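Working through the structure, step by step
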Amino acid sequence: MILEGEISITHGEHYTKLLKPYDVDTFSGDWKTTAIGTCTDFNVMTTGQQQSELYHLAVEAINNYKLKLKESCKTLLLYPTSGSIQVHLANENYSMETGSLLVIENLNVSSIPINSTEAFGLVIVEIN
C-alpha cells in the first residue's frame, strides 16, 4: 500500500500499474518487479496458504467507532497514518500515535472499539 507519493510498478510480463496513496497491489513474490517513482509504503508479505487483506480507513473524530472484522481474522495489524487513537481490547486500553504498530494475535472478537478526539487514518491488515 502506498502511504505517500506515487510509483509506477511493473511486474515482468504480467502488468504495469500506477499506485497513488492508499492504492494496494497484490502480487507473487517470485515475480520480477521494478518501480519508478518515490513513495513511502506499507508492505505485507505472507507465505503458503496464508491470506491477508490490507486497507486504509479515514475517520472523523469519533467515540466508540466499531472496527468490524472478518470472522476468519486471526491476526490484526493496526497502523495509524494520521492522528492518534485509543484501542480497547480485552479490558486494556492502547494509545497509538501516527506511525506506531499494534499487532494482535489469536484474535477471537468480531469488532474492536476505537476512539479518537481528532480525525485519523488507519491502515488495517486482517490475516487469516
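Quick summary incoming for the structure in this document. Since the structure is predicted, the reported quantities are computational estimates derived from the model, not experimental observations. (Residues numbered from 1 in each chain as written. Predicted model: local features only at pLDDT ≥ 70, side-chain atom pairs only at ≥ 80, totals over all residues. Heavy atoms only, no water.)

Before going further, it helps to spend a moment on the pattern of salt bridges. Under the criterion given, the structure shown has 2 salt bridges. For Lys 17, the salt bridge identified is with Asp 25, shortest N-O distance 3.7 Å. You can call Lys 17 partly exposed: its relative accessible area is 31%. Overall, Asp 25 belongs to the buried group, its relative accessible area being 14%. A salt bridge links Glu 53 to Lys 70; the nearest nitrogen and oxygen atoms lie 2.4 Å apart. Remark: Lys 70 occurs in the loop between strand S5 (62-68) and strand S6 (75-82) and Glu 53 occurs in strand S4 (residues 52-59); sequence separation between them is 17 residues. Taking the relative accessible area as the measure of exposure, Glu 53 reaches 30% and is therefore partly exposed. (Salt bridge = Lys/Arg side-chain N within 4 Å of Asp/Glu carboxyl O. Buried < 20%, exposed > 50% of the residue type's maximum accessible area, 1.4 Å probe, protein only. Helix = DSSP H or I, 4+ residues; strand = E, 2+ residues; numbered from the N terminus.)

As a further point, take the pairing of strand S2 (residues 15-19). Along any regular strand, the residues point their side chains to alternate faces of the sheet. In this sheet, S2 lies alongside strand S1 (residues 2-11) in antiparallel orientation, the contact comprising 5 bridges. Looking across to S2, one finds that His 11 is bridged to Tyr 15. Between the antiparallel neighbours S1 and S2 lie 3 residues, among them Gly 12 with a positive phi of about 45 degrees. (Pairing = 2+ DSSP bridges.)

If you walk across this open sheet you meet the 3 strands as S2-S1-S3, and the pairing is antiparallel. Each edge of the sheet is formed by a strand with only one pairing partner; in this case those strands are S2 and strand S3 (33-41). For this sheet, the mean inter-axis angle between neighbouring strands, taken without regard to orientation, is 10 degrees. With 9 bridges joining them, S1 and S3 adopt antiparallel strand pairing. Among the inter-strand pairings, His 11 is bridged to a residue of S3, identified as Thr 33. (Axes fitted to C-alpha atoms, helices over the stretch in contact; angles between N-to-C directions.)

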